[in-house]
Structures are given as C-alpha cells and as structure tokens.
Amino acid sequence: MTYTALKLKITQVGDPVLRRQARMLNREEIRNDATQALIEQMRETMLDAPGVGLAAPQIGLALQLAVIEDREEYLKDLSHEELAERARLPIPFHVIINPQIISSSPETEIFYEGCLSLPGFSSKVERNRSIQVSCLDHQGETRLIEASGWYARILQHEIDHLCGNLYIDRMDTRFFTTQANYVRHYK
C-alpha cells in the first residue's frame, strides 16, 4: 500500500495565527512521528499549491517550522536573464526549524513577491541579498545555511511567517497588485 500525505488547508490573511510569534520545537518534538508526518503533509500541501515555501502558521499551527523547495520545473518559464537577475536556482526540499538569521549582507534587492496566504496578489519587497541562517533540520540536527539571491528571499519570507509577519508588512505599497495585473504590466 502506498502512503499519500493529506494535503492541508492554507490559512489566509486575517487569521490571527499568521500574526503570532510561533513557538520553538525541541529535538524530541521534532523527531516524533506526529512532527515527521506534519512535515510530509506540509510538503505535499506546498507542492500542490504550488509554492516554494510553507510555514507552519500558514496551516494554522504556531510552530517554528517551515518547508522549502524551489523545483526545476518552476524555473522553466523564466528567461535566462530573469533567472540571472534573481540569482534563482533550484533548491532541494528541506526543513528549517527554529531558524534565526545570524548575519545578512548590507546589499538588498527588490523584486515582486507573493504568498500562499494572500493568493492573487504581489508587490515589490526589499530583502537582503544574502543571509546566514542557523536552524535545526527535520531530524533536529543543527544546520548553518548560507543563502543568496532567490533562496535568501525565500528563507527571509518563511522566517517572517514564523515571527508573525507577512510580506505586506515590508512591501512597497505603490506596487501592490493583483497577479493578473502583475503579469499584464510588470512581468
């Protein structure tokens, strides 16, 4: 029998869980069967959406846990120039738990960003070009992630979720747009 993970409902903007500081997980919690099943459910939900990241608050759980994966197939419709400008490369699936940004570059970049908890909209958001993140992985092992370009943006976006923040808190409101108008006027 093949196991299929249950896809979860994505919490939408306005739900108070998206505005709360998420609680940290200890190694015992991380390694238990319930958390391991949750990670797989989050992965399936993120892929189904589709998205490149999903934080536990986005499924209604105020936990310091996020899943990330930027698949090769998501890049196929972008030109070489767009990929280079964004420094966007495929990112294999991984989990970040209790992440902390321990350093960030003074250089920033501004690009359009969207969110699964605020579907159909996007805006320009300024983010640090590169960061270092200390976190635990899916087995509770300590990891240091050095990220730049689009990967750094994804990490910052997901870490914001774990702190009760959304991209709309950082966006340039003059560029807030529907997805249809983004494609029509800015892409």
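Definitions and cut-offs
- Residues numbered from 1 in each chain as written.
- Predicted model: local features only at pLDDT ≥ 70, side-chain atom pairs only at ≥ 80, totals over all residues.
- Heavy atoms only, no water.
- Core = buried A, V, L, I, M, F, W, Y, C linked by side-chain atoms within 4.5 Å.
- Buried < 20%, exposed > 50% of the residue type's maximum accessible area, 1.4 Å probe, protein only.
- Helix = DSSP H or I, 4+ residues; strand = E, 2+ residues; numbered from the N terminus.
- Contact = heavy atoms within 4.5 Å.
- Pairing = 2+ DSSP bridges.
- Axes fitted to C-alpha atoms, helices over the stretch in contact; angles between N-to-C directions.
- Phe/Tyr/Trp six-rings, centres within 6.5 Å; stacked < 30°, edge-to-face > 60°.
- Lys NZ or Arg CZ within 6 Å of the ring centre and 35° of its normal.

Caption draft 1: Quick peek at the nonpolar core. The biggest cluster of nonpolar side chains holds 18 residues, and the ones touching the most others in it are Ile68, Ile96, Val133, Ile145, Ala147, Tyr151 and Leu155. Per-element accounting of this core gives the leading share, seven residues, to helix 4 (residues 149-162). Not counting chain neighbours up to four residues away, the residues in contact with isoleucine 68 comprise Met46, Val52, Gly53, Ile91, Pro92, Phe93, His94, Ile96, Tyr151, Ile154, Leu155 and Glu158. Leu38, Met42, Leu54 and Leu136 belong to the second largest nonpolar core, which has 17 residues in total.

Caption draft 2: Highlighting unusual backbone geometry. Across the junction of alanine 49 and proline 50, the peptide omega takes the value -15 degrees, indicating a cis bond. Relative to the elements of secondary structure, proline 50 occurs in the loop between helix 2 (33-48) and strand 1 (53-55). Residue alanine 87 is not a glycine yet carries a positive backbone phi of 50 degrees. Checked against the element boundaries, alanine 87 lands in the loop between helix 3 (80-86) and strand 3 (91-104). One non-glycine residue with positive phi stands out, namely asparagine 98, at about 55 degrees.

Caption draft 3: The pairing of strand 5 (residues 121-128), seen in detail. Here strand 4 (residues 108-113) pairs with strand 5 via six bridges, running antiparallel. Paired with threonine 108 across the strands is asparagine 128, a residue of strand 5. Looking at chain direction, strand 5 and strand 8 (residues 177-178) are connected through two bridges and run antiparallel. Directly across from serine 122, in strand 8, lies its bridge partner threonine 177.

Caption draft 4: Layout of the environment of glutamine 21. Residue position: glutamine 21 is located in the segment before helix 1 (27-31). According to the relative accessible area criterion, glutamine 21 is exposed, its value standing at 52%. Considering only alpha carbons, one finds glutamine 21 and glycine 164, 143 residues apart in sequence, at a separation of 5.0 Å. In this structure glutamine 21 touches Gln64, Leu162 and Cys163, once residues within four positions along its chain are discounted.

Caption draft 5: Focus on the sheet that holds strand 4. Strand order in this open sheet of three strands is 4-5-8, and the pairing throughout is antiparallel. Each having just a single partner strand, strand 4 and strand 8 make up the two edges of the open sheet. Helix 4 rests against strand 4 and strand 5 of the sheet, and its axis sits at about 70 degrees to strand 4.

Caption draft 6: Quick look at the packing of aromatic side chains. Going through the model one piece at a time under the given rule, you end up with four aromatic pairs. The interplanar angle of 50 degrees and the centroid separation of 4.7 Å between the aromatic rings of tyrosine 112 and tyrosine 182 together place this pair among those described as tilted. Of the two residues, tyrosine 112 is situated in strand 4 and tyrosine 182 in helix 5 (residues 179-186); the sequence distance between them amounts to 70 residues. For the pair shown, tyrosine 112 and tyrosine 182 are each scored as buried. Members of the aromatic cluster, connected to one another through ring pairs, are Tyr112, Tyr182 and Tyr186. The ring of phenylalanine 175 is capped by lysine 124, whose NZ or CZ atom sits 4.0 Å from the centre of that ring.

Nothing here speaks to function; it is all geometry.
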